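Below are the chains, spelled out letter by letter.
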Amino acid sequence: LPKVDEMRVRAAWGQAGNSPGPFDALRAYTVAVATGQSSTSSALRYSTLGNPDLKPERATEVEVGFEADMLNGRLGLDVSYYNSKTHDALLPVDVAPSTGFSGTQLQNLGTIANSGFELLLNATPYRNSFLQWETTLALSTNHNELVSFGDERTPIVLTIYAPVQRYQPGYPLAGYWAAKVQYNADGTLIKTSAGRPILQDTSIYVGPSTPTREISLSNTITLFDRFRGYGLVDYKGGHYLFDVKDWRRDRSGVSWETVNPAANADEVLVRQFASQTYMHILKADFIKLRDLSVSYDLPPSLMAPIGVSRSTLTLAGHNLKIWTDYRAGDPEVNFTGTDTFNRNDSWTVPQTRRLSASLTVAF
């Protein structure tokens, strides 16, 4: 075993609250225009329904782990296990149209559980007077589950574009559920008398919408305490994404899979059947080259006449390369923006590949 310089074992228990937004409890209105037969006039319409019964959600977490420094500080290891339960969780719920409102309302619903492992490894594999190599490896897992709603309500279905995500007890928050067509035992498509596919009676659970495992690896190489090269690669996986782009292309009959003369006729029929979503909820695992940079610390004598004590010139590239089997491009995009769980890829612009140069000075 490597020589252990220092080791610390830790355990923690704690509770934390998360309050709703400052205006989530209030019904809000916005301006609108009402048009009559011969004139228009100003009007008010609702903006948000609000919920005056909201209260903060409450999370209780247990964490255990250890930290170790080895090989005279050249190797560091940090390992943790966490288990958290959130009560009175704040979840958006679709508003019944019969109320005269639409959209969602924030409500306190049931219990959510999260658990997983986190590992951080820091190492200096090589170090001498002119060269130093430092590397950092981080791994994490997460198991997320909606334990219960706290009442007997049916699953909450998220309906942006198609009803492919749900809040359902016993499954991850906003997991993907797909409508799949029926096939015979020999693999042939079952059709109605009108030649249309037939959906299975119930939707099929496909998988979570957020990553269940993440890995990142970074390396820094320093030469003569002046030149530095840095690279960061990360991986996210174990989750899925609804490819709205190809779902719409297929059902409109404009995708290559539907116009290809050599395509299987039944497969084309299924692709153009808008109610099916199973073949458009795709694995979203990916590896990305996040950052690559080279830095050079300019000689102090070069900038000293203008009062600069230190200056660094950096050339960098960001989001340079992605490796993925996700056929629609970038599986990290989300049409709904910062929404954590309600996710889909609907002609969303991928993250841009950027090149930058900078000069940093210190006086």
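Residues numbered from 1 in each chain as written. Predicted model: local features only at pLDDT ≥ 70, side-chain atom pairs only at ≥ 80, totals over all residues. Heavy atoms only, no water.

A.B. asks: Describe the nonpolar core, and please don't skip the residues or the numbers.
C.D. replies: Counting residues in each nonpolar core, the largest one holds 15 residues, and the members touching the most others are Val-164, Tyr-176, Val-206, Phe-242 and Ile-281. Those elements that provide at least two residues to this core are strand E13 (175-178), strand E17 (240-242), helix H1 (244-252) and strand E18 (281-283). Per-element accounting of this core gives the leading share, three residues, to E17. With residues near it in sequence (within four places) discarded, Val-164 still touches Leu-158, Gly-175, Tyr-176, Trp-177, Phe-242, Thr-277 and Ile-281. In this structure, Leu-91, Phe-149, Ile-156 and Tyr-167 belong to the second largest nonpolar core, which totals 13 residues. (Core = buried A, V, L, I, M, F, W, Y, C linked by side-chain atoms within 4.5 Å. Buried < 20%, exposed > 50% of the residue type's maximum accessible area, 1.4 Å probe, protein only. Helix = DSSP H or I, 4+ residues; strand = E, 2+ residues; numbered from the N terminus. Contact = heavy atoms within 4.5 Å.)

A.B. asks: Tell me about the packing of aromatic side chains, residues and numbers included.
C.D. replies: How two aromatic rings sit relative to each other is given by the distance of their centres and the angle of their planes. Going through the model one piece at a time under the given rule, you end up with eight aromatic pairs. Ring centres 5.0 Å apart and planes at 50° place the aromatic pair Tyr-81 and Phe-117 in the tilted group. Of this pair, Tyr-81 sits in strand E5 (residues 75-87) while Phe-117 sits in strand E8 (residues 111-127); the two residues are 36 residues apart in sequence, bridging distant segments of the chain. The structure contains a cluster of three or more aromatic residues connected by ring pairs, namely Tyr-171, Trp-177 and Tyr-205. Lying over the aromatic face of Phe-149, Arg-153 brings its terminal NZ or CZ to 5.9 Å of the ring centre. The ring of Phe-286 has Lys-288 lying over it, and the distance from NZ or CZ to the ring centre is 5.6 Å. (Phe/Tyr/Trp six-rings, centres within 6.5 Å; stacked < 30°, edge-to-face > 60°. Lys NZ or Arg CZ within 6 Å of the ring centre and 35° of its normal.)

A.B. asks: Please give an account of the side chain of Asp-345 that cites residues and values.
C.D. replies: As for its position among the elements, Asp-345 is in the loop between strand E20 (310-324) and strand E21 (354-362). With a relative accessible area of 1%, Asp-345 lands in the buried category. Here Lys-245 takes part through its side chain, which lies 2.6 Å from a polar atom of the side chain of Asp-345. For Asp-345, the contacting residues outside a window of four places in its chain are Leu-241, Phe-242, Asp-243, Val-244, Lys-245, Tyr-326, Ala-328, Asp-330 and Val-333. (Polar contact = N/O pair within 3.5 Å; in protein donor to acceptor, adjacent residues only side chain to side chain.)

A.B. asks: If you had to explain empty space enclosed by the protein to someone new, which residues and values would you point to?
C.D. replies: Take a probe with the size of a water molecule and roll it over the atoms, and the empty space left behind shows itself. A complete count under the given rule lists one cavity of 30 Å³ or more for this structure. Approximately 30 Å³ is the volume attributed to the largest cavity. Around the largest cavity, the lining residues are Leu-158, Ile-160, Ala-162, Val-164, Gln-165, Asn-342, Arg-343 and Asn-344. Across the lining of the largest cavity, the residue classes break down as four nonpolar, three polar and one charged. (1 Å grid on protein atoms, 1.4 Å probe; cavity = no way out; pocket = protein on both sides within 12 Å on 5 of 7 lines; lining within 4 Å. Points joined across faces, edges and corners; volume = space filled by probe spheres on them. Nonpolar A, V, L, I, M, F, W, Y, C, P; charged D, E, K, R; others polar.)

A.B. asks: Would you mind going over the sheet that holds strand E14 (residues 204-207) in detail, with residue names and values included?
C.D. replies: As summarised here, the arrangement of the four strands in space is E11-E12-E13-E14, forming an open sheet in which the pairing is antiparallel. This sheet does not close on itself; its edge strands, each paired only once, are strand E11 (156-158) and E14. Direction aside, neighbouring strands of the sheet carry axes that sit 40° apart on average. Sheet topology places strand E12 (residues 165-167) next to E13; two bridges connect them, and they run antiparallel. (Pairing = 2+ DSSP bridges. Axes fitted to C-alpha atoms, helices over the stretch in contact; angles between N-to-C directions.)

A.B. asks: I'd like to hear about the pairing of E13, residue by residue, with values.
C.D. replies: The alternating pattern of E13 places Gly-175 and Trp-177 and Tyr-176 and Ala-178 on opposite faces, both of which are buried. As judged from the three bridges shared by E13 and E14, these two strands associate in the antiparallel manner. Paired with Trp-177 across the two strands is Tyr-205, which belongs to E14.

A.B. asks: Outline the pattern of salt bridges, listing residues and values.
C.D. replies: Across all of its chains, the model carries 25 salt bridges by this definition. Between Asp-266 and Lys-191 there is a salt bridge, and its shortest N-O distance comes to 2.8 Å. Taken together, the residues Asp-266 in helix H3 (residues 265-271) and Lys-191 in the loop between E13 and E14 connect sequence positions 75 residues apart. Taking the relative accessible area as the measure of exposure, Lys-191 reaches 38% and is therefore partly exposed. When the shortest N-O distance is used, the salt bridge between Arg-310 and Asp-297 registers 3.2 Å. In this pair, Arg-310 is assigned in strand E20 and Asp-297 in strand E19 (residues 286-297), connecting sequence segments 13 residues apart. On the basis of relative accessible area, Arg-310 is assigned to the partly exposed category, the value being 49%. Here the salt bridges do not stand alone but share partners, grouping Glu-6, Arg-8, Arg-10, Glu-63, Glu-67, Asp-69 and Asp-78 into one network. (Salt bridge = Lys/Arg side-chain N within 4 Å of Asp/Glu carboxyl O.)

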